[in-house]
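# Remarks on the overall topology
Listed below, chain by chain, are the residues.
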Amino acid sequence: DRIPHSWQNFMESALDFIVDIARNQLGESFYREWIPFIGTLFLFIFGCNWAGAVIPWKLIELPEGEFAAPTNDINTTVALALLTSFSYFYAGLSKKGLGYFKRYVNPIPLLLPINILEDFTKPLSLSFRLFGNVLADELTVTVLTSLVPLVIPLPIMLLGIFAGSVQALIFSTLAAAYIAEALE
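Along each chain, residues carry numbers from 1 onward, in the same order as the chain's sequence is written. At least 70 in pLDDT is required for a residue's local features to be given in this predicted model, at least 80 for side-chain atom pairs to be given and counted, and no such filter applies to totals for whole chains, interfaces and linings, which use all residues. Values shown for side chains rest on all heavy atoms present in the structure; no hydrogens or waters enter the calculation.

A few words on the packing of helix H3 (residues 74-96) against helix H5 (residues 153-183). Interaxial distance between H3 and H5 falls to 8 Å at its minimum, and their mutual angle equals 25 degrees. Looking at the two axes, H3 sits roughly parallel to H5. In this structure, the crossing between H3 and H5 has a hand that is right-handed. Residues Leu80, Ala81, Thr84, Ser87, Tyr88, Ala91, Gly92, Lys95 and Lys96 of H3 form the contact with H5, whose own contacting residues are Phe171, Ala175, Tyr178, Ile179, Ala182 and Leu183. Between the N-to-C directions of two axes lies an angle of 0 to 180 degrees, each axis being a line fitted to C-alpha atoms and, for a helix, fitted only over the stretch in contact. Runs of E in the DSSP output that reach at least two residues are strands. Runs of H or I that reach at least four are helices, and both are numbered from the N terminus. Put simply, angles under 35 degrees are roughly parallel, angles over 145 are roughly antiparallel, angles from 65 to 115 are roughly perpendicular, and the rest are oblique. Handedness of a crossing follows from how the near helix is turned relative to the far one, being left-handed for an anticlockwise turn of less than a right angle and right-handed for a clockwise one. Throughout, a residue-residue contact means that at least one pair of heavy atoms, one from each residue, lies within 4.5 Å.

Below you can see the structure in the form of C-alpha cells.
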C-alpha cells in the first residue's frame, strides 16, 4: 500500500513545479532554503486567483462591502510584494552583510538614486500587476454575467482561471529572481 494515489501524485507534481521555479531562478546552491517562501507565494496566489475566477463573488450582495478574491484587494497584493521586498533584502544582508549596500553605488555612485528608486518600484510593480489583472478579470466576468447570464461568461471564466495561474507563476518567478539578484 506504498503506491502513491491521485492526491499524492498531484501534490508531488505541484512540489516539483515549485522546486523547478526556485532552482531555475536561484541556482543549485541557494534554491533549497527559499522553496518554502516561493512555494507559499505561488500556492497562496494560485488559490486566491482560482477562488476569484471560479466563483463570481461580486454577484453575492452583502449589506456592507462585497465578496471578492483576496488578490482583488490592493492591500493583499501590496503585502505580498512587501514580503518579497523584505525577503530579498534579508537574502542580500544575510549573505553579504552591510556590503550588500555596495550594489547601490556600483559601477558608479551616480547610479545611487536610480538603484534606490528601483527598490521602490519592484514591490509597486509586483502589487499593481497582480491587482490589476485580477481586478480586470473579475470585473469582466461580473459585467458579462449581469448582461448575459450563464453562456457568455463561461469562456471568460476559463480565461480567468488560466490568467490567474499565469499571474501566480509570474509573481513567484519574479520574487525568486529578485532574491537571486540580491544573492549574486
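In this section: the nonpolar core. Buried Ala, Val, Leu, Ile, Met, Phe, Trp, Tyr and Cys residues form a nonpolar core when they are joined through side-chain atoms within 4.5 Å. Burial here depends on accessible area, computed with a 1.4 Å probe over protein chains only, as a share of the maximum for the residue type. Under 20% is buried, over 50% is exposed, and the range in between is partly exposed. Ranked by size, the top nonpolar core spans 31 residues in total, and within it Leu26, Trp34, Ile38, Phe171 and Ile179 carry the most contacts. Elements that contribute at least two residues to this core include exactly helix H1 (6-26), helix H2 (31-54), H3, helix H4 (112-147) and H5. The leading source of residues in this core is H5, at 9 residues. The contacts of Ile38, once residues within four sequence positions are left out, are Ile18, Ile21, Ser172, Ala175, Ala176 and Ile179.

Once that is clear, we can look at the environment of Thr77. Within the secondary structure, Thr77 sits in helix H3. In this structure Thr77 comes out as buried when scored by relative accessible area, which is 0%. C-alpha of Thr77 to C-alpha of Phe131: the two residues are 54 residues apart in sequence and 6.2 Å apart in space. In this structure Thr77 touches Thr71, Ser127, Leu130 and Phe131, once residues within four positions along its chain are discounted. Think of a polar contact as two N or O atoms within 3.5 Å of one another; within protein, one of them needs to be a possible hydrogen donor and the other a possible acceptor, and neighboring residues in sequence only count if both atoms come from side chains. A distance of 3.0 Å separates the side chain of Thr77 from the backbone oxygen of Ile74, its partner in a polar contact. Separated by 3.4 Å, the side chain of Thr77 and the backbone oxygen of Ser127 make a polar contact.

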